[in-house]
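Given next are the chains, with one letter for each unit.
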Amino acid sequence: MDFQDKLHEFQQYIDAEEKVEPKDWMPDDYRTHNIRQISQHAHSEVIGMQPEGNWITRAPTLRAKKILLAKIQDEGGHGLYLYSAAETLGISRDEMIAQLHEGKAKYSSVFNYPTLNWADIGAIGWLVDGAAVTNQLSLRRTSFGPYSRAMLRICN
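Sequence positions are assigned chain by chain, starting from 1 and proceeding in written order. Local features in this predicted model are restricted to residues whose pLDDT is 70 or higher, and side-chain atom pairs enter the listing and the counts only when it is 80 or higher, whereas totals over whole chains, interfaces and linings include all residues. With hydrogens and water stripped out, all remaining heavy atoms of the structure feed into the side-chain values.

**Q** Please explain the nonpolar core as it appears in this structure.
**A** One broad trend across soluble globular proteins is that nonpolar side chains are buried collectively. One finds Val-20, Met-26, Tyr-30, Ile-38, Leu-82, Phe-144 and Tyr-147 to be the most contacted residues of the largest nonpolar core, which totals 21 residues. Looking at this core, the elements with two or more residues in it are α1 (3-15), α2 (28-47), α4 (62-87) and α7 (145-155). Pairs of residues are marked as contacts when any of their non-hydrogen atoms sit within 4.5 Å. Those residues in contact with Leu-82, other than ones at most four positions away along the chain, are Ile-38, His-41, Ala-42, Glu-45, Tyr-147, Ala-150, Met-151 and Ile-154. The definition of a nonpolar core used throughout is a set of buried Ala, Val, Leu, Ile, Met, Phe, Trp, Tyr and Cys residues joined through side-chain atoms within 4.5 Å. With a 1.4 Å probe rolled over the protein chains alone, any residue whose accessible area is under 20% of its type maximum counts as buried; one over 50% counts as exposed, and the rest are partly exposed. Trp-55, Ala-64, Leu-68 and Ile-121 belong to the second largest nonpolar core, which has five residues in total. Strands here mean DSSP runs of E at least two residues long; helices mean DSSP runs of H or I at least four residues long; both are numbered from the N terminus.

The structure is reproduced here in structure tokens:
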């Protein structure tokens, strides 16, 4: 089978909404695109812990501190699921983090905005996280199996 035949067969597999698994044949562009997308998503989850993390010591109540800690832990777990999914494509976590530090990889820039007051934390929870859940629901049906399964866990 030549490359074009493999590519056509792969596209039919995707069109049938089958899941591509790490050991399956896939075009290099598909692998590269998934690494970029999943690593950006993982980086965003981890970087997304920072706005709440800055407020742990300044949260107005013990209950608020506990909620922030739970949310931070949740975001970190999401990042770990996603890094693991990307690793199945042949890139190490160290490589992904090095790419982030070198500016070759990205993350969601919304996390660069400062959280100057306690209300900013509420706005993040309502607007940023709400929008993320809306956008991420569709990723449960993505064609790459490990990413799809990670998104099922994250969205739940």
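**Q** Got a minute to help me understand the pattern of salt bridges in this structure?
**A** A pair can form between side chains of opposite charge whenever their charged atoms are brought close. Salt bridge, as used here: a side-chain nitrogen of Lys or Arg that lies within 4 Å of a carboxyl oxygen of Asp or Glu. Counting across every chain of the model gives seven salt bridges. The closest approach of N and O atoms between Arg-149 and Glu-21, which form a salt bridge, is 2.8 Å. Of this pair, Arg-149 sits in helix α7 while Glu-21 sits in the loop between α1 and α2, placing them 128 residues apart in sequence. Residues Arg-93 and Glu-87 are paired through a salt bridge, measuring 3.0 Å at the closest nitrogen-oxygen approach. Residue Arg-93 is classed as partly exposed on the basis of its relative accessible area, which comes to 24%. The class of Glu-87 is partly exposed, set by a relative accessible area of 31%. Each of Glu-52, Lys-71, Glu-75 and Asp-129 takes part in salt bridges that share partners, so that together they form one network.

**Q** Hey, could you run me through unusual backbone geometry in this one?
**A** The phi torsion of most residues other than glycine is negative, and most of the peptide bonds are trans. Phi at Glu-17 takes a positive value of approximately 60°, unusual for a residue other than glycine. With respect to the secondary-structure elements, Glu-17 resides in the loop between α1 and α2.

**Q** Can you walk me through the packing of α2 against α4 in this structure?
**A** Any two packed helices are characterised by how steeply their axes cross, that is the angle between the axes, and by the distance between the axes. Comment: axis = line fitted to C-alpha atoms, over the contacting stretch for helices; angle = value between 0 and 180 degrees taken between N-to-C directions. One way to put it is that α2 packs onto α4 with a least axis distance of 8 Å and a crossing angle of 160°. Put simply, α2 runs roughly antiparallel to α4. Considering only the axes of α2 and α4, their crossing is left-handed. Residues Ile-38, His-41, Ala-42, His-43, Glu-45 and Val-46 of α2 form the contact with α4, whose participating residues are Glu-75, His-78, Gly-79, Leu-82, Tyr-83, Ala-85 and Ala-86. Here is the rule for angles: anything less than 35 degrees is roughly parallel, anything more than 145 is roughly antiparallel, 65 through 115 is roughly perpendicular, and the remaining ranges are oblique. With the far helix as reference, a near helix turned anticlockwise by less than a right angle produces a left-handed crossing, and one turned clockwise produces a right-handed crossing.

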